[in-house]
Structures are given as structure tokens and as C-alpha cells.
Protein chains: 2
Amino acid sequence: MAGIPRIGIDAMGGDHGPTVVAEGVVQALREQPGRFTVTLVGDEGEIRAALARAGADGRPIEVVHTSGQVDMGEKAAAAARRRTTTSIGVVTQLHKEGKVDAIFSAGNTGAVVATALLGLGRLESVSRPGLAVFMPNLAGGTVVLDVGANAECKPNYLVQFAHMGSVYARYLLGRENPRVGLLSIGEEETKGNDLVFEAGDLLRRARHLNFIGNVEGRDIFKGTCDVVVTDGFTGNVLLKTGEGVATLLIDIMRREIRSDPLAVFGTLFMRPALRRLKKHMDWEEHGAAPLLGVDGVCFIGHGSSGPKAFKSALRTIAAFVEQRVNDHIREEIEADHDTAA
Amino acid sequence: MAGIPRIGIDAMGGDHGPTVVAEGVVQALREQPGRFTVTLVGDEGEIRAALARAGADGRPIEVVHTSGQVDMGEKAAAAARRRTTTSIGVVTQLHKEGKVDAIFSAGNTGAVVATALLGLGRLESVSRPGLAVFMPNLAGGTVVLDVGANAECKPNYLVQFAHMGSVYARYLLGRENPRVGLLSIGEEETKGNDLVFEAGDLLRRARHLNFIGNVEGRDIFKGTCDVVVTDGFTGNVLLKTGEGVATLLIDIMRREIRSDPLAVFGTLFMRPALRRLKKHMDWEEHGAAPLLGVDGVCFIGHGSSGPKAFKSALRTIAAFVEQRVNDHIREEIEADHDTAA
């Protein structure tokens, strides 16, 4: 890549379509002019109208038309088969052809993963790409992967996830020597399932990793390590459980406060504190999840991403391209060839 | 069993030892005199002193002395080998000999599970007992199992968990036709891992279950079903992730409020609402987790159980004995013999 990062975006992905995408892109380019250029893929008429409403005039934004799009409920395999015409598929193809340096979609996660795997392939040294999320905590946050790309994993995939997560934590989160934990059901090496036992053996032998041992679900929210690796089934359950608990707590709090006039009065004094609480727990602040290990740069956003999420995703994606994260992943895995490959 | 339930308690289990156990037992017997009798097992001197402080005089409480106890950090297998002298082991033996009708410990969960499995054995129709927890939500709560007794599971274990969880939901939570969900990473039958695919096939064929299909982690906190089944590895991760997120949210809230004098003032008006919030999220209100499928009645409490947790556990255990839950489990699994056995 020469010059500034060129980011391709599936403009039809996400619950709100091109309107929100255009707003996010325009805000991001206004804040950091010259940091990146954008190519929006999808229904050209809708996109151009959304760009006009968002005041995009004069910004470095291209539009590539395609009429197909993937439904949020569509099965991943079916969506991947239609990839020559879907907005996810066409933006992936642009990346494959070198016309953009990275892609982003807030569409159907399964469909984006399947389309990117088929369209981009994987880095030579990587057996299975993994979807990584950043989970906020009071220690600055932890990267967890895989959260859903591979429901079944072999032990060496988890070692590769550890390398990829470490590189991500080092180059994008500024953690010098990222501590890696293996998700299990107790800290002792004797606790876990067969996958954990075998992956733990490999991780302990890996020379280029700062492996701190087994960790539990709650450690992620205490921030005792920078990277947590697990299979995509367990990681996905963890992700959705976290979402579920947070949503429930906030719902209960709202309900209890609403049903009590005195409490409603009390919240008047708490607005700034509650606003900061929201900011802490707000995944929009943390942007998008990278599919690490594909031969390219692919980020996936939450379906309900608003303009702020798009904006913060674009910043992260530009940094990922600039930092040449994939080159570092390749180097790391090859350096630990006997355990990771 | 004839007469009122006789409950054996590991008085040395839990972070606070006999003091808290004695307080909980005395409070429970004061509120429901004649509902059950109690046998406390552990260091007799400590227990008698704690009972005196708690005002136990005249209550139906026996004490059985043993000097051994299990450390919270001790490995399960090691603790189980010492079971002839540990408080967990001796109370289990009393149950085996028919001297009590049920046992309760707030000690080291792994050690209690291992000791109970060895000491009591399993119900004839059950391949693997499972640890069940009640998770609170706005729909009245969901029973989730297994949360840690079996890190590796075969598909038919999950069918047995479904039967045991349904019986528990029916007889102890009053759910008439409990809806059972299989924990996966999407609602579609095509999503999941091999265990989920095979268990799903069996669950769909089970005639005596109200199986509603695959559910996700967040469904538990929405309350879309009464029982959720999963393997003990995933279930344990789910449990600890839930705890971790709830703790983090509450910590952040506290920190934000404390750092802001206006917000501290605001909370004065919110005390009743916050108290109700706490009550909702308070596992102490929900007592203890049954190890379903052992040939006996064994409940396990959280290490930090206070008197309220002991009190609420005793009520639940008495109901479990009175409702003859194990007889119903046996009947249910035998009725669905072709899928569950």
C-alpha cells in the first residue's frame, strides 16, 4: 500500500442503511481530513442521496453501485454464494483486486465472515481466521477471540489466535508485551476441557507469547490480561452473555427508577455520572471487530451501529492498515512455527 | 423419608465459617419453625460457640464433629480422597446412611461436586449429574445447567439435563410446562458445534420435553425460556461472565457516582430504587445450586454466602425434599428412554 488508506464500506449493511453510513463517513472525514479515502458500495441512488443529506460535498468518497444486498436474517453460506452481486461481496472483490486497502461492514456477521473468507482467503501462516472483539473494563480493555468465526477449533488455532490477538493489542492498543490468557473454568491447568488442555500445552511452549495461563470469564471484565483466546462457540456465548447481562441490568435500573418519582428527581443530579457510565459501556466507542487472519483487512460492526460507531471504526481500520498488522501476524506465527502451525 | 426434612450442613464451608452458618440456620428456624431440622458438621467447639452467639437455644439443631475441612483452593480430586474426615465428606456420609435427607455446603464447589458424586453415586437413570443455577431476569428467572460438573459432555447428557431442569422448574419454580432451550450461537439449527447439532436432534425427538429450540446467551437474561441446557464448560464460562459483567457495571457506577458530589446527593433520593435493584440482582435471594442427578439431595452455595443465603437455601432444600424431585427426575428420564438414556 502506498499513500493514505483506502477503505471500502458495505453501505447497505447495518440496521439503518446508507443514511447512517454516510453520516459516519462524513463526520470522520471532517475530523481527520486526509487520513483515509472511502469507497461506498451498494445502491448508488440511495447512497448519493444519503451523502447529499450528510453534506459530503468535496470529500474523498467514491460510490460503486450494486443492487444486491444481504438480509440480516440470511444464512451465511447462502449469502456467500451470492457474493458477485451483494454489497458485501462487491466490496470484498474490490479489496481482492487491490482497489481498496480494507473493508468494513455492519451487516450480517455470519455473511460477512463467510464472504470475506471465500473472497480474500487467509494469510499463508494462518489455519483459521478469528473474529476479535474489544471488551471494555477498568484496566483499559481486553481483546477476546474467536467470538464466532469457528464453532469447532483445533488446539493450534488457539495458539494462532493468541499471536494475532497479541499483535493487535501491541499495534492498535499500545500494549507492549500483551498478556495472553486461555479461557477456562478455573486457573489451574487441571481444569478445563480437552481443547483447553491441549491448547494450554502448546501455549506454554510458545516462545514468542506472554502466556499467563488459564483465566475465567470474570477475568475479562477485571482486565487481568490483554488478550483472551477461546474457541468461537464459547467466545460467542461469552459475548452474547455479556450483552445480555448488561442490557438486563440497565433495563432493571430504568424500570426501578421510573416507577419511583423520588428516584426520577434524584437522577437529575446524576446525569453527568450516568453519561460517563454509558460511555464506559458503550461498544460504539470501541468501533468494530477485526476478522484477524484473512489475507486482507476486514472489520465487522454491530448491526445497530450509529454514525459514531462508523466514525470510530474508520479510525481503527486506518490505523490497522498503517501499522501493517498483517505483516506482523505473519512474522509472529512463523517465528513460533513449532507450536502455532 | 418420613416426617420433616432433616438437612445436613457443612458448617465449615464458605468464606465466613460456622458463624454465618449458625446465624442463617437460626434465622431460618425462627421464621419457619418445624419446617426442617438441621445437623451441622465440622469443628464442634467452633460450631457450639457460633450457635450460642446466634441464640440457637431450643432449636432442633444437632452437631456432628469432624476436624478436617476443605480449603477453598484445594483441588477437587484431592479433597474427595480425604472425604472420610472432611466436613463435606462426613455430611455426605450422613446422607448416604440415611441420617439426613439432604446436604448443603457453601464450600469449594469442585470439592463438593467430587465428594457428592463419589459418596452418593448417581440416580440409576442419570449418566452424569449436572450443576444447575437459577439466573434472575424480568420474566422470573431461568434454570441453567450444567454450569461446571462436566467439562466434556455427550449429547444424551444434555437431554438428561433438560429433563432434570424441567422437573426442577416445574416442582420448585411452579412452571407448568417448562420451555427448554439449547444454548448455541444462533437460533438456527444449522448454527452451533457438533455437540449442539447432535443434542438438538435428540431434544427434538424427546416426547416428554417442551423443547423450543436453540437459544443464545442473551436469551437467558431476557427470560425467553425456563430451562437452558449446555455442557459444563460453556455453562461455567457463562456463569462467570455474567458475574463479571454485573460486578464491572456496578463498580463503574459506584466510581462514577463517588467522584461527583452532585451525583452522591442524587443517590439520596434513589435509595429505595437502588435497594430494589440490588434485590433483583442478588444471588443471595436465590439461595443455592442443586447438583441434579445424584442419588440424594445436594445443594451448593456461593463461597461468600451470608446468613440470608443460608436461610433461603434451607427453604429451597426443604421444598426439594418434600416435592420428591428425584422421583420425578427418574420417571421423566425413563419415559423418554430412547433419547435420554
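As the structure is a prediction and not an experimental result, all values here were calculated from the model. (Residues numbered from 1 in each chain as written. Chains lettered and ligands numbered in written order. Predicted model: local features only at pLDDT ≥ 70, side-chain atom pairs only at ≥ 80, totals over all residues.)

1. Here we look at the relation of the copies chain B and chain A
Between the two copies of the chain lies a rotation about an axis combined with a shift along it. Turning chain B through 180 degrees and shifting it by 0.0 Å along the axis lays it on chain A, with an RMSD of 0.0 Å. On this basis, the relationship between the two copies can be described by a two-fold rotation axis. Residues of chain B ranked by C-alpha distance from the rotation axis are headed by G266 of chain B, positioned 2.0 Å from it. Taken together, the interface assignments show that 100% of the residues at the interface of chain B recur at the interface of chain A, consistent with an identical surface on both copies. (Least-squares fit on C-alpha atoms with pLDDT ≥ 70 in both. Contact = placed C-beta atoms within 7 Å.)

2. Considering the environment of V294 of chain A
Residue and element names in this part refer to chain A. Locating V294 in the fold gives a position in the loop between β10 (289-292) and β11 (298-300). With 181 residues separating them along the chain, V294 and V113 place their C-alpha atoms 9.6 Å apart. Apart from the residues within four sequence positions on either side, V294 is in contact with A116, L117, L120, R122 and P129. (Helix = DSSP H or I, 4+ residues; strand = E, 2+ residues; numbered from the N terminus.)

3. Re helix α6 (residues 155-173) of chain A
Taking 1.5 Å as the rise per residue, α6 of chain A with 19 residues should run 27 Å; its terminal C-alpha atoms sit 26 Å apart, in good agreement. Residue G174 of chain A follows α6 of chain A closely and has a positive phi angle near 70 degrees. (Expected span 1.5 Å × (residues − 1).)

4. Thoughts on the sheet that holds strand β7 (residues 179-183) of chain B
All names here are of chain B. Ordered by their spatial adjacency, 11 strands build an open sheet running β3-β2-β1-β4-β11-β10-β5-β6-β9-β7-β8, and the pairing between neighbours is mixed. Pairing within the sheet leaves two strands with one partner each, and these edge strands are β3 (61-65) and β8 (210-215). The sheet shows a mean angle of 25 degrees between the axes of neighbouring strands, taken without regard to direction. Relative to strand β11 (residues 298-300), strand β4 (residues 102-105) runs parallel, the two sharing 3 bridges. Each bridged residue has a counterpart across the sheet, and for I103 the counterpart in β11 is C298. (Pairing = 2+ DSSP bridges. Axes fitted to C-alpha atoms, helices over the stretch in contact; angles between N-to-C directions.)

5. Remarks on the interface of chain B and chain A
Chain B puts 53 residues into the contact, and the matching count from chain A is 54 residues. Those elements that provide at least two residues to the side of chain B that touches chain A are α8 (217-222), α9 (232-258), α10 (261-268) and α11 (271-281) of chain B. At 20 residues, the largest contribution of residues to the side of chain B that touches chain A is made by α9 of chain B. When its residues are assigned to classes, the side of chain B that touches chain A shows 26 nonpolar, 15 polar and 12 charged. (Nonpolar A, V, L, I, M, F, W, Y, C, P; charged D, E, K, R; others polar.)

6. Observations concerning the packing of helix α6 (residues 155-173) of chain B against helix α13 (residues 325-335) of chain B
The relative placement of two packed helices comes down to the angle between their axes together with the axis-to-axis distance. Residue and element names in this part refer to chain B. Running from N to C, α6 and α13 cross one another at 135 degrees; their axes reach a closest spacing of 9 Å. Relative to α13, α6 is oriented oblique. Handedness of the α6/α13 crossing: right-handed. Residues Q160, H163, M164, S166, V167, Y168 and Y171 of α6 pack against V325, H328, I329, E332 and I333 of α13. Looking at the contact of α6 with α13 residue by residue, the class counts come to 7 nonpolar, 4 polar and 1 charged. (Parallel < 35°, antiparallel > 145°, perpendicular 65-115°, else oblique. Left-handed = near helix turned anticlockwise from the far one by under 90°.)

7. What to know about the domain arrangement of chain A
Residues and elements named next belong to chain A. Parsing chain A into structural domains produces domain 1 (1-126 + 293-323) and domain 2 (130-285). Of note, the centres of domain 1 and domain 2, computed from C-alpha atoms alone, are 25 Å apart. Counting residues at the interface gives 15 residues for domain 1 and 11 residues for domain 2. Of all the elements in the fold, those that place two or more residues in the side of domain 1 that touches domain 2 are α5 (109-120) and α12 (307-322). At 6 residues, α12 tops the list of elements feeding residues into the side of domain 1 that touches domain 2. A breakdown of the residues in the side of domain 1 that touches domain 2 according to their chemical character gives 6 nonpolar, 8 polar and 1 charged. (Domains from an automatic or database assignment.)

8. Comments concerning the pairing of strand β6 (residues 142-145) of chain B
Residues and elements named next belong to chain B. Taking every second residue as pointing to the same face, both faces of β6 are buried, with T142 and V144 on one and V143 and L145 on the other. Looking at chain direction, strand β5 (residues 130-135) and β6 are connected through 4 bridges and run antiparallel. The residue bridging F134 from the neighbouring strand is V143, located in β6. Hairpin connection of β5 to β6: 6 residues between the antiparallel strands, including G140 at a positive phi of 105 degrees. (Buried ≥ 20, exposed ≤ 12 C-beta atoms within 10 Å, placed from the backbone.)

9. What about unusual backbone geometry?
Residues and elements named next belong to chain A. Cis rather than trans, the peptide bond between L145 and D146 has omega equal to 0 degrees. As for its placement among the helices and strands, D146 is situated in the loop between β6 (142-145) and α6. Not every positive phi belongs to a glycine, and R324 is a case in point at roughly 50 degrees.

10. Observations concerning the sheet that holds strand β3 (residues 61-65) of chain A
All names here are of chain A. If you trace the 11 strands from one edge of the open sheet to the other, you get β3-β2-β1-β4-β11-β10-β5-β6-β9-β7-β8, paired in mixed fashion. Of all the strands in the sheet, the pair left with one neighbour each is β3 and β8 (210-215). Strand-to-strand twist of the sheet, defined as the mean angle between neighbouring strand axes without regard to direction, takes the value 25 degrees. On the sheet, helix α1 (residues 17-31) packs against β1 (6-10), β2 (37-42) and β3 and is oriented at approximately 175 degrees with respect to β2. Packed on one face of the sheet, α6 meets β5 (130-135), β6, β7 (179-183), β8, β9 (227-229) and β10 and runs near 160 degrees to β9.

11. Thoughts on the confidence of the model for chain A
Per-residue confidence for chain A averages 90 on the pLDDT scale, and 94% of its residues sit at or above 70. Note on the complex model: pTM 0.90, ipTM 0.87. (pLDDT = per-residue confidence, 0-100.)

12. Comments concerning the environment of A50 of chain B
Residue and element names in this part refer to chain B. The topology assignment puts A50 in helix α2 (residues 44-54). A tally of 23 C-beta atoms within 10 Å means that A50 is categorised as buried. Taking the C-alpha atoms as reference points, A50 and S305, 255 residues apart in sequence, are found 16 Å from one another. Each residue touching A50, except ones within four places of it in the same chain, is listed here: P18, T19 and A22.

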